[in-house]
Amino acid sequence: FILFDEFIIISLLSLSQDMYLSFNRLYFWLVISNFFLLIGQAFKAVIDGLQKNYISSIHLLIYNAIYWMLIIVGAIFGADLNDIGFLIFISSLVWFAMTLVTTLYLYGYFICFDSFNSFKASLIKQLSFGSKIFAGSSIFVLFEPLSKILISQFVGIVYVGYYDIALKLKGQVASLF
């Protein structure tokens, strides 16, 4: 059912061929439950954007309680891996439903594209803003390596070591405050 399941279960996890069938069903349920958890993150972000973080925390608390209770009850009654995977899927489905219903209640229904022109204007605005943020964060990430290259070219490779030590000392001092 799931792409690369045999490769992941047998090669990456180093499980035997005998264990493949049991873990294949568990893997199936985990992939499906993670799909719902991933899609639910968009709705959680809407709730958080409405400054209702406490609701997201309550949903997470309920999800964790259901998750662990179902696994413990399943283990007590001798559930196999397929059943445990199904119980994990149920807990993620409950979290997804709670998050979706809460989002629709707080925010209302979504209108994805009311017209092409508003979509185009919104896309241009997002790309314009996002490109500036991306450029700024790229410069921040590349500052240290570029500084080391410039120091080695213009001052000498020995001073790159001094610069690196100074950066580490600065980081240690900054972590104190």
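Notes on the structure in this doc start here. Computed from a prediction, not measured in an experiment: that's the story for all the values here.

1. Quick notes on helix 3 (residues 53–76)
So, point 1. Compared with an ideal rise of 1.5 Å per residue, which puts 24 residues at 34 Å, helix 3 spans 34 Å between its outermost C-alpha atoms and is within 8% of the ideal.
So, point 2. Along helix 3, the positions that sit buried rather than exposed are Ile55, Ser56, His59, Tyr63, Ile71 and Gly74.
So, point 3. Buried residues along helix 3 sit in contact with helix 2 (17–49) and helix 4 (81–107).
So, point 4. Phi for glycine 78, located one or two positions after helix 3, is positive at around 75 degrees.

2. Focus: the packing of helix 2 against helix 4
So, point 1. Orientation of helix 2 relative to helix 4, taken along the N-to-C sense of each, is 15 degrees, at an axis distance of 8 Å. Viewed along their axes, helix 2 and helix 4 adopt a mutual orientation that is roughly parallel. The chirality of how helix 2 crosses helix 4 is left-handed.
So, point 2. Of the residues in the contact of helix 2 with helix 4, the class split is 20 nonpolar, 10 polar and 2 charged.

Procedures and definitions
Residues numbered from 1 in each chain as written. Predicted model: local features only at pLDDT ≥ 70, side-chain atom pairs only at ≥ 80, totals over all residues. Heavy atoms only, no water. Helix = DSSP H or I, 4+ residues; strand = E, 2+ residues; numbered from the N terminus. Expected span 1.5 Å × (residues − 1). Buried < 20%, exposed > 50% of the residue type's maximum accessible area, 1.4 Å probe, protein only. Contact = heavy atoms within 4.5 Å. Axes fitted to C-alpha atoms, helices over the stretch in contact; angles between N-to-C directions. Parallel < 35°, antiparallel > 145°, perpendicular 65-115°, else oblique. Left-handed = near helix turned anticlockwise from the far one by under 90°. Nonpolar A, V, L, I, M, F, W, Y, C, P; charged D, E, K, R; others polar.

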